[in-house]
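Structure at a glance
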Amino acid sequence: MSLTTLDPKTALVVVDLQKGLMGVSGAPYAVSDVVDRSSRLADAFRGAGLPVVLVRVSFAADGSDATPGRTETPGSGRAMPEGWDEITDALAGHPEDITVTKRNWSAFYGTDLDLHLRRRGITQVVLTGVATSIGVESTARAAHEHGYHVTLATDAMTDLDPEGHRGSVERIFPRLGETGTTDEVLKLLASTR
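The following refers to the structure shown. (Residues numbered from 1 in each chain as written. Predicted model: local features only at pLDDT ≥ 70, side-chain atom pairs only at ≥ 80, totals over all residues. Heavy atoms only, no water.)

**Section: the overall build of the protein**
For the protein, the count of helices and strands is five helices and six strands. Seen in sequence order, the protein has helices and strands lined up from the N terminus as β-α-β-β-α-β-α-β-α-β-α. Seen along its three principal axes, the alpha-carbon backbone of the protein occupies a region of about 50 × 35 × 30 Å. Summarising the internal contacts of the protein: among those between residues at least 6 apart in sequence, 84% fall at separations of at least 24. Of the roughly 9700 Å² of accessible surface on the protein, 51% is carried by carbon and sulfur atoms. Separation of charge centres in the protein, based on 19 positive and 26 negative side chains, amounts to 4 Å. (Helix = DSSP H or I, 4+ residues; strand = E, 2+ residues; numbered from the N terminus. Contact = heavy atoms within 4.5 Å. Areas by Shrake-Rupley, 256 points an atom, 1.4 Å probe, with all protein chains shown as cover. Lys, Arg positive; Asp, Glu negative; His and termini not counted. Charge placed at Lys NZ, Arg CZ, Asp CG, Glu CD.)

Shown next, in the form of structure tokens:
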């Protein structure tokens, strides 16, 4: 479904735009472009008095709180550099923003994200970030399951490969909510204020 409306109580949720992921090769969009578009959205949401949630993934140095389980693709097993889990400078530094730390793909599982949103009366979320088919899609699925109206700014997210991005955007996201571009979200936000 294409983008039609933003609820009066909408929050922007930015997934995993943190320093350690800035060097990742995004597809179809460069991570730097995703940061720029997410920053534009964050500025507009702040200007409208709407919440901005910055989600970051982090683990203990020894990995003891990382997601367990057997997979065919193991983790890298390498130590992460100091500060890898800090929100990128382009988005950080706004004391009114909400920061959520996750240890799984979804920003909802094992975090207080739902509590932050419900206490503020939020009924809709606009999602951006990396990676489209992992953190963003998992968060979108959980938001839908929690009963939020979901909007996905598809040019303000990217993946590790274009097929992962395209699969989420074309097959999964239309089942979870509405999709649109950053400019479409900004235009709709301006018209509802």
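**What to know about the environment of K9**
Among the secondary structure elements, K9 is positioned in the segment before β1 (10-15). Take K9: its relative accessible area is 43%, and that puts it in the partly exposed class. For the pair formed by K9 and L117, sequence separation is 108 residues and the distance between their alpha carbons is 9.4 Å. With residues up to four places along the chain from it excluded, the contact list for K9 reads R120, G121, I122, T123 and Q124. (Buried < 20%, exposed > 50% of the residue type's maximum accessible area, 1.4 Å probe, protein only.)

**Here we look at the packing of helix α3 (residues 132-145) against helix α4 (residues 162-176)**
Between α3 and α4, the least distance of the axes is 10 Å, while the angle of their chain directions is 5°. The orientation of α3 relative to α4 falls into the category roughly parallel. Seen from α3, the contacting residues are T132, S133, V136, E137, A140, R141 and H144; seen from α4, they are G164, H165, S168, V169, I172, F173, R175 and L176. Residue composition of the contact of α3 with α4, grouped by class: six nonpolar, six polar and three charged. (Axes fitted to C-alpha atoms, helices over the stretch in contact; angles between N-to-C directions. Parallel < 35°, antiparallel > 145°, perpendicular 65-115°, else oblique. Nonpolar A, V, L, I, M, F, W, Y, C, P; charged D, E, K, R; others polar.)

**Details of the packing of aromatic side chains**
Considering all chains together, one arrives at one aromatic pair under this definition. For the ring pair F108 and Y148, a centre distance of 6.0 Å and an interplane angle of 35° mean the geometry is tilted. Of this pair, F108 sits in the loop between β3 (98-102) and α2 (113-119) while Y148 sits in the loop between α3 and β5 (149-158), and the two are 40 residues apart along the sequence. (Phe/Tyr/Trp six-rings, centres within 6.5 Å; stacked < 30°, edge-to-face > 60°.)

**Digging into the pattern of salt bridges**
Scanning the model with the defined rule gives twelve salt bridges in all. In this structure, the salt-bridge partner of K19 is E86, at a minimum N-O distance of 2.9 Å. Taken together, the residues K19 in the loop between β1 and α1 (31-47) and E86 in the loop between β2 (52-57) and β3 connect sequence positions 67 residues apart. On the basis of relative accessible area, E86 is assigned to the partly exposed category, the value being 38%. (Salt bridge = Lys/Arg side-chain N within 4 Å of Asp/Glu carboxyl O.)

**A few points about the side chain of D97**
With respect to the element layout, D97 can be found in the loop between β2 and β3. Judged by relative accessible area, which is 12%, D97 ranks as buried. At a separation of 2.6 Å, a polar atom in the side chain of D97 contacts the side chain of R46. Residue contacts for D97: discarding those within four places in its chain leaves R46, V52, L54 and L91. (Polar contact = N/O pair within 3.5 Å; in protein donor to acceptor, adjacent residues only side chain to side chain.)

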